[in-house]
Amino acid sequence: MKHLLGINDLSPEEIQDVLNRADYYAKALADGRWDRAKLDNKIVLTLFFENSTRTLTSFDIAAKRLGADVVNWNVQTSSIKKDESFSDTIDTLSAMNPDAIVIRHSEYGAPGFVAGRVNCPVINAGDSWREHPTQALLDALTIIQEKGSLNGLIISICGDVAHSRVANSNAQLLTKMGANVRFVAPEFLMPQKLPAQGIACFDNIEEGIKDADVVMCLRIQKERMDRGSIPSDAAYFNKYGLTLERLSHAKPDVLVMHPGPMNRGVEIADDVADDPTRSLMKKQVSNGIPTRMAVLDMLMGE
């Protein structure tokens, strides 16, 4: 890989290579034994034009675990606030010769635009509702750790699928690796074009999660839609919220995931989110570190 711009660009073999490296780092972190100087004297530049807790922090920690220095660029204090163009900002930062750029942007395809203007690897940390590849990779690692494989699993992705870059990247990765993906959402939150072939669509949550091995919830992204189309939070939860009663339609050993941030009482009930045997949300956050270490290593390591 020269860049990581989206799951759509990766073959199943390349996806497996990243997952293998991520699994290596997950075990190495648990044992306390890995090459802490792997990226010594390298600089990772993070450009986040949208807010982030999990992704930004885990990229920062992942890079530092490997010995890299991290520069967190702040849009609020940048020359963009003085009306500098996006392309001029990128050209200016590229002239400072970072060794990798991690970017999150609200514009569709922005990471690809950046990759065409710089001389270092570019990693997409989320663009518009197009893709969020490292989230899909860490989700896959988490599922494999629990289930052993992705092949043949029924994975239901529920909620605001239409505006979710996480859903797009997950659907592409999971179908490439042999899983059966379902989208579960009301009609106005279902995408007009599916990101991968073979996805089954449901507007009834009980039917959509029936016999599922994994249920992945998504928040309603009110910032990306016409607010007039949004039902009240209570009405949405009554019809589509994941409760223990609804979860009984899935397999007895079903696992529950959520990429965060999570809106309790909207897309998911407290007792589901906090279920000690089914909920994988904390493990997803933990797996962000080794997964992003793997990506940085593969793109920047010698």
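In what follows, the accompanying structure is described.

How each quantity is defined
- Residues numbered from 1 in each chain as written.
- Predicted model: local features only at pLDDT ≥ 70, side-chain atom pairs only at ≥ 80, totals over all residues.
- Heavy atoms only, no water.
- Helix = DSSP H or I, 4+ residues; strand = E, 2+ residues; numbered from the N terminus.
- Rg over C-alpha atoms; globule rule 2.2 N^0.38 Å.
- Buried < 20%, exposed > 50% of the residue type's maximum accessible area, 1.4 Å probe, protein only.
- Contact = heavy atoms within 4.5 Å.
- Areas by Shrake-Rupley, 256 points an atom, 1.4 Å probe, with all protein chains shown as cover.
- Lys, Arg positive; Asp, Glu negative; His and termini not counted.
- Charge placed at Lys NZ, Arg CZ, Asp CG, Glu CD.
- Core = buried A, V, L, I, M, F, W, Y, C linked by side-chain atoms within 4.5 Å.
- Pairing = 2+ DSSP bridges.
- Axes fitted to C-alpha atoms, helices over the stretch in contact; angles between N-to-C directions.
- 1 Å grid on protein atoms, 1.4 Å probe; cavity = no way out; pocket = protein on both sides within 12 Å on 5 of 7 lines; lining within 4 Å.
- Points joined across faces, edges and corners; volume = space filled by probe spheres on them.
- Nonpolar A, V, L, I, M, F, W, Y, C, P; charged D, E, K, R; others polar.
- Left-handed = near helix turned anticlockwise from the far one by under 90°.

## Observations regarding the overall build of the protein chain
- Helix and strand counts for the protein chain come out as 11 helices and nine strands.
- The C-alpha atoms of the protein chain give a radius of gyration of 19 Å, which matches the 19 Å a tight globule of 302 residues would have.
- Each principal axis of the C-alpha distribution contributes one length, and for the protein chain these read about 55 × 45 × 35 Å.
- For the protein chain, the proportion of its 302 residues judged to be buried stands at 54%.
- For the protein chain, the proportion of contacts with a sequence separation of at least 24, taken over those separated by at least 6, is 75%.
- For the protein chain, the accessible surface area stands at approximately 13500 Å², while carbon and sulfur atoms represent 46% of it.
- Here the protein chain holds 33 positive side-chain charges and 40 negative ones, and the gap between their average locations is 2 Å.

## Observations concerning the nonpolar core
- Formed by 82 residues in total, the largest nonpolar core has its most connected members in Leu137, Leu173, Phe183, Leu242 and Leu296.
- In this structure, Leu45, Trp73, Val75 and Ile101 belong to the second largest nonpolar core, which totals 15 residues.

## So, the sheet that holds strand S1 (residues 43–48)
- Strand order in the open sheet made by the four strands is S2-S1-S3-S4, with parallel pairing throughout. Two strands bound the open sheet, and with one partner strand each, they are strand S2 (69–74) and strand S4 (122–127). Averaged over neighbouring strand pairs, the angle between their axes works out to 15 degrees when direction is ignored.
- By the bridge criterion, five bridges tie S1 to strand S3 (residues 100–105) in an arrangement that is parallel. Across the sheet, residue Thr46 finds its bridge partner in S3, namely Val102.
- Sheet strands touched by helix H2 (residues 54–65): S1, S2, S3 and S4. Its angle to S2, the strand with the most contacts, is close to 155 degrees.

## Structural notes on the layout of surface pockets
- As a volume, the largest pocket reaches approximately 480 Å³.
- In terms of lining, the largest pocket is formed by 21 residues, of which the most central are Arg104, Arg165, Arg219, Gly260 and Pro261.
- Of all the secondary-structure elements, those providing two or more residues to the lining of the largest pocket are H2 and helix H6 (165–176).
- Of the residues contributing to the lining of the largest pocket, the split by class is four nonpolar, 10 polar and seven charged.

## Observations regarding the packing of helix H5 (residues 133–147) against helix H11 (residues 281–300)
- Two elements in contact, H5 and H11, have axes whose closest approach is 8 Å; the angle formed by their N-to-C orientations is 115 degrees. Pair H5 / H11 crosses with right-handed handedness. Between H5 and H11, the residues in contact are Thr134, Gln135, Leu137, Leu138, Asp139, Leu141, Thr142, Gln145 and Glu146 and Lys283, Gln284, Asn287, Gly288, Pro290, Thr291, Arg292 and Val295, respectively.
- Counted by class, the contact of H5 with H11 contains five nonpolar, eight polar and four charged residues.

## Brief notes about empty space enclosed by the protein
- A full pass over the atoms with the stated rule returns one cavity of 30 Å³ or more.
- Considering only enclosed or pocket space, the largest cavity measures out at about 50 Å³ in volume.
- In this structure, the largest cavity is lined by Cys158, Gly159, Val184, Ile205, Cys217, Leu218, Tyr236, Tyr240 and Glu267.
- Classifying every residue of the lining of the largest cavity by side-chain character gives seven nonpolar, one polar and one charged.

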